[in-house]
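Below are the chains, spelled out letter by letter.
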Amino acid sequence: MSDEERDGVKLTNLDQSLFDGATKRDLVDYLDAMAGRIIPVLADRPLSVIRILRGQGPFMQKNVPKYTPSFVQTVRLWAASSQREVSYALCNDRKTLLWFGNQRAVEYHPALIKAESDHPTHMILDLDPPEGDNFELVVKAAHLVRQALTDSGLSGAVKTSGAKGVHIFVPLQPHGIEDVAAATRALAARAERIDPDLATTAFIREDRHGKVFLDSTRAGGATVVAAYSPRMRPGLPVSFPIPWDDLESVSPGDFTVHNTVSLLGDSDPWAANMPAPQRLGDDLIEEGHTIPIARVQAMHEGKRRKRAKQSE
C-alpha cells in the first residue's frame, strides 16, 4: 500500500521513486527509525531542508510553506541574506520529522545557534577534497585539524559529510558569534601551518592547487548538514559519525538510508563521541580576529583580479 498514517501524519505515495536507488518509503522509514537520534541534533534550531519534488530538481526551503500544519513549531527570524523575515520550522518531535519526510525533505540543515539564543553551540570546520572524490586526502587533513585542536587545548568529534568530505564539531561553552567565527579562522590557519602542502584555507578555488580546503566559514548564520541526515546523492548516503581512529577505514558512501539503522543498533555515536562544551582560548580568538573573513577577502580579491585583467 502506497499511503498510510503514522503518529497522525498522513504519508502519501510512499512507493514512488525519490532519488536514484531510493523510494520515498526508504526515506520515511529511515527518518522514523532514526528519530530518537536525529531530533536531538535538530531540536530548537531553525531548520532549512533540501526537498525534491516529482519532476523538479532539488531546492532548499527555509521559509515554511503556507500549508504547514499547526503542530509544526516555527520561529520567525530576520534573514540578512534575503533581507526579510523568514518563518523557520523547529523539528522538535517525531510527528514533525515524519511530516518533513512526507514533504520529500531529504537533507536537514539546522542552524548553529538555537532559537532564542545568540551563542553558537559548536565551532565547525568543513573539509572538502580537491577536485574529485579523494577522501584519503580529507582524512589526512582531518588529522591536521585534530592536532591543531589538541595543541589549542580543545577536542572535537568528526563525521562524514555524506558527500565528499568531513565535518569536525567542537562543542562550546557560551561565546559570542564573532569570537567563535574568529577562533574558527585561527584553528583552520593553525592546521594549515602544520602541513601547508596538504591543506589550505584559500577560499578561491583556483588558489587551492590540489589541496584539501579547510572551510572556516561555517559560523554565525550558516548551517551544516545534521549528523544522520541523508544527502541528495544516489542511494541516499548519510552524514555518519566516525571515531577518529577509524577514519582511514571508511568512505562516505559506506553509510546510507538502507544500512545505517542496522549498523548502529541501539547506539548513538554522535552523542557518545561528542566531548563536553569547552572554552575557547583567548589566544585562539585574538589570532582569529587578525585573519580576514574569507568570503569578504575573496570578494575583494576577485574584484582586484578583474580590474587587473581589464587593464591588461
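Residues numbered from 1 in each chain as written. Predicted model: local features only at pLDDT ≥ 70, side-chain atom pairs only at ≥ 80, totals over all residues. Heavy atoms only, no water.

Visitor: Kindly report on the side chain of Glu287, identifying the contributing residues and their values.
Guide: Along the chain, Glu287 falls in helix 8 (residues 282-289). Not counting residues up to four positions away in its chain, the partners in contact with Glu287 are Ala186, Ala189, Arg190 and Arg193. (Helix = DSSP H or I, 4+ residues; strand = E, 2+ residues; numbered from the N terminus. Contact = heavy atoms within 4.5 Å.)

Visitor: Give a detailed account of the nonpolar core, specifying residues and quantitative values.
Guide: Membership of the largest hydrophobic core comes to 83 residues, with the highest contact counts inside it found for Leu42, Leu97, Tyr108, Met123, Leu127, Val145 and Leu280. The element best represented in this core is helix 4 (residues 135-151), accounting for nine residues. Shared between two domains, this core holds at least three residues of each, these being domain 1 (5-110) and domain 2 (122-222 + 275-300). In this view, Leu280 contacts Met123, Leu154, Leu172, His175, Asp179, Val180, Ala183 and Ile285; residues no more than four positions away in its chain are not counted. Core analysis: the next-biggest nonpolar cluster, separate from the first, contains six residues, Val75, Ala79, Val86 and Leu90 among them. (Core = buried A, V, L, I, M, F, W, Y, C linked by side-chain atoms within 4.5 Å. Buried < 20%, exposed > 50% of the residue type's maximum accessible area, 1.4 Å probe, protein only. Domains from an automatic or database assignment.)

Visitor: Describe the side chain of Gln16, listing the residues and the values that go with them.
Guide: Along the chain, the position of Gln16 falls in the loop between strand 2 (9-11) and strand 3 (17-19). There is a polar contact of 3.3 Å between the side chain of Gln16 and the side chain of Arg104. Residues in contact with Gln16, not counting those within four places in the same chain, are Thr23, Lys24, Arg54 and Arg104. (Polar contact = N/O pair within 3.5 Å; in protein donor to acceptor, adjacent residues only side chain to side chain.)

Visitor: Let's hear about the domain arrangement of the protein chain: which residues, and what values?
Guide: Taken domain by domain, the protein chain comprises domain 1 (5-110) and domain 2 (122-222 + 275-300). One C-alpha centre belongs to domain 1, the other to domain 2; they are set 28 Å apart.

Visitor: Quick rundown of the packing of aromatic side chains? Include the residues and the values.
Guide: Summed over the entire model, instances satisfying the criterion amount to five aromatic pairs. Relative to Tyr108, the ring of Phe100 lies with its centre 6.1 Å away and its plane at 90°, an arrangement referred to as edge-to-face. On the basis of relative accessible area, Phe100 is assigned to the buried category, the value being 2%. Given a relative accessible area of 1%, Tyr108 falls into the buried group. Where Phe203 meets Phe213, the ring centres are 6.2 Å apart and the plane angle is 75°; that geometry is what we call edge-to-face. Of this pair, Phe203 sits in the loop between strand 13 (199-200) and strand 14 (212-215) while Phe213 sits in strand 14, and the two are ten residues apart along the sequence. Among the aromatic side chains, those forming a connected cluster through ring pairs are Trp99, Phe100 and Tyr108. Taking NZ or CZ as reference, Lys95 lies 4.7 Å from the ring centre of Phe71, over its face. Lying over the aromatic face of Phe213, Arg208 brings its terminal NZ or CZ to 3.8 Å of the ring centre. (Phe/Tyr/Trp six-rings, centres within 6.5 Å; stacked < 30°, edge-to-face > 60°. Lys NZ or Arg CZ within 6 Å of the ring centre and 35° of its normal.)

Visitor: Hey, could you go over the pattern of salt bridges for me, with residue numbers and the actual values?
Guide: A side chain with one charge may pair with a side chain of the opposite charge, provided their charged atoms come close. According to the stated counting rule, one finds 16 salt bridges in the structure shown. Arg6 is the partner of Asp29 in a salt bridge, and the nearest nitrogen-oxygen pair spans 2.6 Å. With Asp29 in helix 1 (residues 24-33) and Arg6 in strand 1 (residues 4-6), this residue pair connects regions lying 23 residues apart in the sequence. Taking relative accessible area as the criterion, Asp29 reaches 33% and is therefore assigned partly exposed. (Salt bridge = Lys/Arg side-chain N within 4 Å of Asp/Glu carboxyl O.)

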